[in-house]
Amino acid sequence: MRLTIIGSGYVGLVTGACFAKLGHTVTCVDIDPEKVQKINKGVSPIYEEGLDSLLLTYQDRISATTDYNKAMEQSDITFLCVGTPSLKNGGIDLRYIKESTQQIASTLKNKKNRHLVVVKSTVLPGTTQQIILPLLEQFSGKKVGADIGLAMNPEFLKEGVAIKDFLEPDRIVIGSYDEKSRTTLRELYKTFSCPLVETSLSAAEMIKYASNAFLATKISFINEIGNLCKKLDIDTYDVATGMGFDKRIGRPFLDSGIGWGGSCFPKDIDALLAWAKELKEPARIIESTRQVNADQPLRLVELLKKHVPKLKGKTIGVLGLAFKPNTDDIRDSRAIPIVKELLKHGALVKAYDPQAMENFKKLYPSLTYCSTADEVLTADAVLITTKWNEFSTLKYQGKIVIDGRRLEQAKNAKIYEGVCW
Ligand code: UGA
């Protein structure tokens, strides 16, 4: 099929590159001409494992442009993959959704064939039907359900393993407005062997939020259990293993530590809570999930103070700045509140991350950024904040290490403490 992807962030670009790999012809649209240029050269504008190689290998099937008309001229389906950032009150900012929907609709005005618009961006239940649909009709002068198809097809991609997640999903969710849209997406995904969940537009939207809120809750839950275990001298990871074999629970996302960050969980949880407030519906579990997560990184600094009571003037090493390994993304990284707290106490911070230092420098330009992880180990004490593989090969002997991510090798340190174990 011929596909247009609006928004070349990590969702749009991974979706586009994977569809190109599957044999489709893909045109990506982005407002940033620099991104467009890179994609056309087969270079990924973002750091995502395997993306460069896909863009280069399938260069003949994937291209990019800033021009909606050019991108949609020949295509059958347009995927809306623009960002949905947070407003100041935590609510969802639909600016990019509205702008690009208007552009799509204006382009559809002159198109003869039926065209399917698929929303992949994370939007609150009701948004596709109540905001996107009317805009499509208003700016195209056409009827959704007749000349324009409409569907909601959320993504469940984890940064760092997004390509694998796309190509081998646990499930594909298709929320559709009309039967024809459903059939077209069934056809597009026919080579996938996972379950296809076919549902309404708003159920598809809710599945995305409920999934992220549940996963974040699972992590906060095990962190709360972990905090109890720490007091009782029980290894939380043994507890997680024992729980995880129960098929109703499952082991993934029971790694206790300093909590969740990233571009998705924090933003989606904030949006869900702001929305629940608007609906005057209490969301106590999700509220507590967020609270546990806000407190968790500070526990690492508390543990550090047990061994280095006066942080003023002490050099503290921070291993890992990205919100998780294999990404340069620092959005809501747990390293941020930790560094903030260390600086508040007058500590001198020495940090290292294999990919995220450039991004972190924009937030904290005056930390000492080391060129190797080894250099960080010269500090008075070291905190492990992201579980990068390369941190496993360091020599921790003789050091004070406070671990927020359960790095087995760090247990060789002179003084070793884990946040939940
Ligand atoms: C998350 C979801 O996992 C994806 O399914 C979803 O598609 C994506 O958000 C999104 O909405 O776009 P991602 O933000 O890439 O993916 O990151 P995760 O791998 O889920 O990790 C999130 C955070 O939780 C990280 O800070 C990680 O360190 C932490 N985490 C994860 C734990 O503390 N413990 C765990 O057991 C697992």
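Just so it is clear, the structure is predicted and the values come from calculations on it, not from any experiment.

Student: Where do I start with the layout of surface pockets in this structure?
Tutor: Empty space among the atoms becomes visible once a probe the size of a water molecule is rolled across them. Roughly 1100 Å³ of internal volume is contained in the second largest pocket. When contributions to the lining of the second largest pocket are tallied by element, the ones reaching two or more residues are helix H1 (10–21), helix H5 (95–108) and helix H11 (265–278). Considering only residue class, the lining of the second largest pocket consists of 15 nonpolar, 14 polar and 16 charged.

Student: Explain the environment of threonine 199 here, please?
Tutor: Position of threonine 199 relative to the elements: it lies in strand S8 (residues 196–199). C-alpha separation for the pair threonine 199 and isoleucine 174, spaced 25 residues apart in sequence, amounts to 6.1 Å.

Student: Where do I start with the environment of leucine 342 in this structure?
Tutor: Mapped onto the secondary structure, leucine 342 falls in helix H13 (residues 335–344). Looking at leucine 342, the relative accessible area reads 0%, which means it is buried. Between the C-alpha atom of leucine 342 and that of threonine 315, which follows or precedes it by 27 residues, the distance is 9.7 Å.

Student: Explain the domain arrangement of the protein chain here, please?
Tutor: Quoted interface sizes are often the accessible area lost when the parts come together. Here the domain parsing of the protein chain yields domain 1 (2–199), domain 2 (209–223 + 234–295) and domain 3 (298–418). Distance from the C-alpha centre of domain 2 to the C-alpha centre of domain 3: 24 Å. If you look at the interface, domain 2 gives 13 residues, while domain 3 gives 13 residues. Carbon and sulfur atoms make up 53% of the surface buried where domain 2 meets domain 3, a total of about 1100 Å² over both sides. If you look at where domain 2 meets domain 3, you find 1 salt bridge. With a shortest N-O distance of 2.8 Å, arginine 406 and aspartate 235 are connected by a salt bridge. Put simply, domain 2 and domain 3 have 7 residue pairs in polar contact (both at pLDDT 80 or more) between them. Top contributing element to the side of domain 2 that touches domain 3 by residue count: helix H12 (residues 284–307), with 3 residues. For the side of domain 2 that touches domain 3, the class distribution of residues is 5 nonpolar, 6 polar and 2 charged.

Student: What is the right way to read the sheet that holds strand S9 (residues 315–319) from this model?
Tutor: Within a sheet, each strand pairs with its neighbour through backbone hydrogen bonds, oriented either parallel or antiparallel. With parallel pairing, the 6 strands of this open sheet are ordered in space as S11-S10-S9-S12-S13-S14. The sheet terminates laterally at strand S11 (368–369) and strand S14 (415–418), the two strands that pair on one side only. Both S9 and strand S10 (residues 348–352) contribute to a ladder of 5 bridges, which runs parallel. Opposite isoleucine 316, over in S10, you have valine 349 as the bridge partner.

Student: How should the nonpolar core be read in this particular structure?
Tutor: The nonpolar side chains of soluble globular proteins are, as a tendency, buried together. Leu304, Leu319, Leu321, Leu342, Phe360, Phe391 and Tyr396 are the most contacted members of the largest nonpolar core, which has 51 residues in total. Of all the secondary structure elements, the ones that give two or more residues to this core are H12, S9, H13, S10, helix H14 (357–363), helix H15 (373–376), strand S12 (381–384) and strand S13 (400–403). The element contributing the most residues to this core is H13, with 5 residues. If we skip the residues at most four places from it in the chain, leucine 342 touches Val301, Leu304, Leu311, Ile316, Val318, Ala347, Val349 and Leu383. Grouped together as the second largest cluster of nonpolar side chains are 40 residues, Val82, Leu94, Tyr209 and Ala216 included.

The rules behind these values
One numbering rule holds for all chains: residues counted from 1, following each sequence as written. Only residues with pLDDT of at least 70 are given local features in this predicted model, and only at 80 or more are side-chain atom pairs given and counted; all residues enter the totals for whole chains, interfaces and linings. Excluding hydrogens and water, the side-chain values take into account all heavy atoms of the structure. With a 1 Å grid laid over protein atoms only, a set of points is called a cavity when a 1.4 Å probe fits there but cannot get out and a pocket when it is open yet has protein on both sides within 12 Å along at least five of seven lines; lining residues have an atom within 4 Å of a point. Grid points are joined across faces, edges and corners, and a volume is the space filled by probe spheres set on the points. Only DSSP runs of H or I with at least four residues qualify as helices, and only runs of E with at least two residues qualify as strands; both kinds are numbered from the N terminus onward. Residue classes follow a fixed rule: Ala, Val, Leu, Ile, Met, Phe, Trp, Tyr, Cys and Pro count as nonpolar, while Asp, Glu, Lys and Arg count as charged, and any other residue, Gly among them, counts as polar. The classification of residues rests on relative accessible area computed with a 1.4 Å probe and restricted to protein chains. Under 20% of the type maximum is buried, over 50% is exposed, and intermediate values are partly exposed. Residue ranges labeled as domains rest on an automatic or database domain assignment. Only heavy atoms enter the contact rule, under which two residues are in contact if any of them lie within 4.5 Å. Buried area: the sum, over both parts, of the accessible surface (1.4 Å probe) that disappears when the two are put together. Definition used for salt bridges: Asp or Glu carboxyl oxygen within 4 Å of a side-chain nitrogen of Lys or Arg. Pairing of N or O atoms within 3.5 Å defines a polar contact, subject to two protein rules: one partner must be a possible hydrogen donor and the other a possible acceptor, and residues neighboring in sequence count only if both atoms are side-chain atoms. Pairing between strands requires that DSSP locate at least two bridges from one strand to the other. We call a set of buried Ala, Val, Leu, Ile, Met, Phe, Trp, Tyr and Cys residues a nonpolar core when their side-chain atoms join them within 4.5 Å.

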